[in-house]
Amino acid sequence: MGMSVGMSGRGGRGHRRRGRHHALMSEINVTPMVDVMLVLLIIFMVAAPLLTVGVPIDLPDTQAKAMNVDTQPITVSINASGQIYLQETEIPIDELVAKLQAISKTGYDERIFIRGDKLTDYGTAMKVMARISAAGYKNIGLVSLQEQDQ
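If you're wondering where the values come from, they're calculated on a predicted model, not measured in any experiment. (Residues numbered from 1 in each chain as written. Predicted model: local features only at pLDDT ≥ 70, side-chain atom pairs only at ≥ 80, totals over all residues. Heavy atoms only, no water.)

What about the overall build of the protein?
- The secondary structure content of the protein amounts to four helices and five strands.
- The order of α-helices and β-strands along the protein, N terminus first, is α-α-β-β-β-α-β-α-β.
- In the protein, which comprises 150 residues, the share counted as buried stands at 17%.
- Accessible surface, the protein: about 13200 Å² in total, of which carbon and sulfur atoms supply 58%. (Helix = DSSP H or I, 4+ residues; strand = E, 2+ residues; numbered from the N terminus. Buried < 20%, exposed > 50% of the residue type's maximum accessible area, 1.4 Å probe, protein only. Areas by Shrake-Rupley, 256 points an atom, 1.4 Å probe, with all protein chains shown as cover.)

The structure is reproduced here in structure tokens:
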């Protein structure tokens, strides 16, 4: 009587391997998907504040209408070279507040219009506005030309 090792009839290992069919896996492994989503969430949370700094804005064109003026407002003009004019008289910036107080008829409620040349230095225009505002005048406006239809 001899025995064969390794090869037994129908129940042998070789037959089981050939006969075993793997069932299709019907479950989704969500762990990699969650990992990817968390990484994307972190990236967007870090990047979102950086995108809002220095965003170039294309401001809309406005068509301001001329104001209905009952009284003549005080006009401060700044030309391209930075010279400051109160009405038509050139004055240094240090004397601006004193002269405004001397000529204003209604006190701090007086309307003051600032006219600046296109080439006027932004810093100069801001200095003029800051001095007028610090003196107590609250009714300050910037003057521009009306936009022409093209």
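Continuing now.
Structural notes on the pairing of strand β4 (residues 112-116)
- The sheet contact formed by strand β1 (residues 74-78) and β4 spans five bridges and is parallel. Bridge pairing links isoleucine 74 to isoleucine 112 in β4.
- Taken together, the four bridges between β4 and strand β5 (residues 140-143) define a ladder with parallel strand orientation. Bridged to arginine 115 within β5 is valine 143. (Pairing = 2+ DSSP bridges.)

What to know about the layout of surface pockets
- Approximately 570 Å³ is the volume found for the largest pocket.
- Lining the largest pocket we find 16 residues, and of these Arg115, Gly116, Asp117, Val143 and Ser144 sit closest to its centre.
- Looking at the lining of the largest pocket, the elements that each hand over two or more residues are β1, β4, α4 (122-134) and β5.
- The element contributing the most residues to the lining of the largest pocket is α4, with four residues.
- Each residue belonging to the lining of the largest pocket can be placed in one class, and the counts come to nine nonpolar, four polar and three charged. (1 Å grid on protein atoms, 1.4 Å probe; cavity = no way out; pocket = protein on both sides within 12 Å on 5 of 7 lines; lining within 4 Å. Points joined across faces, edges and corners; volume = space filled by probe spheres on them. Nonpolar A, V, L, I, M, F, W, Y, C, P; charged D, E, K, R; others polar.)

Points about the sheet that holds β1
- The mixed open sheet is built from five strands, whose spatial order is β3-β2-β1-β4-β5. For this open sheet the edge positions go to β3 (89-91) and β5, each flanked by a neighbour on one side alone. When strand polarity is set aside, the average angle formed by the axes of neighbouring strands in this sheet is 30°.
- The strands touched by α4 are β1, β2 (84-86), β4 and β5; relative to β1, the strand with the most contacts, the crossing angle is about 155°. (Axes fitted to C-alpha atoms, helices over the stretch in contact; angles between N-to-C directions. Contact = heavy atoms within 4.5 Å.)

Some points on the pattern of salt bridges
- Evaluation of the coordinates by the stated rule reveals one salt bridge.
- Salt-bridge contacts for aspartate 94 lead to arginine 131; the nearest nitrogen and oxygen are separated by 3.3 Å. Of this pair, aspartate 94 sits in the loop between β3 and α3 (96-103) while arginine 131 sits in helix α4, placing them 37 residues apart in sequence.
- Residue arginine 131 is classed as partly exposed on the basis of its relative accessible area of 35%. (Salt bridge = Lys/Arg side-chain N within 4 Å of Asp/Glu carboxyl O.)

Here we look at the side chain of threonine 124
- Its place among the elements puts threonine 124 in helix α4.
- Beyond its immediate chain neighbours, meaning those up to four positions away, threonine 124 contacts Ile78 and Gly82.

A closer look at the nonpolar core
- Counting residues in each nonpolar core, the largest one holds 14 residues, and the members touching the most others are Val76, Leu96, Leu100, Ile112, Val128 and Ile132.
- Where this core is concerned, the elements lending two or more residues are β1, β2, α3, β4 and α4.
- The element that contributes the greatest number of residues to this core is β1, accounting for three residues.
- Apart from residues lying up to four places away in sequence, isoleucine 132 is in contact with Val76, Leu96, Leu100, Ile112, Ile114, Tyr137 and Ile140. (Core = buried A, V, L, I, M, F, W, Y, C linked by side-chain atoms within 4.5 Å.)

Here's the deal with unusual backbone geometry
- With a phi angle near 55°, glutamine 87 is a residue other than glycine that sits in the positive phi range.
- Within the fold, glutamine 87 resides in the loop between β2 and β3.
- The class of glutamine 87 is partly exposed, set by a relative accessible area of 32%.

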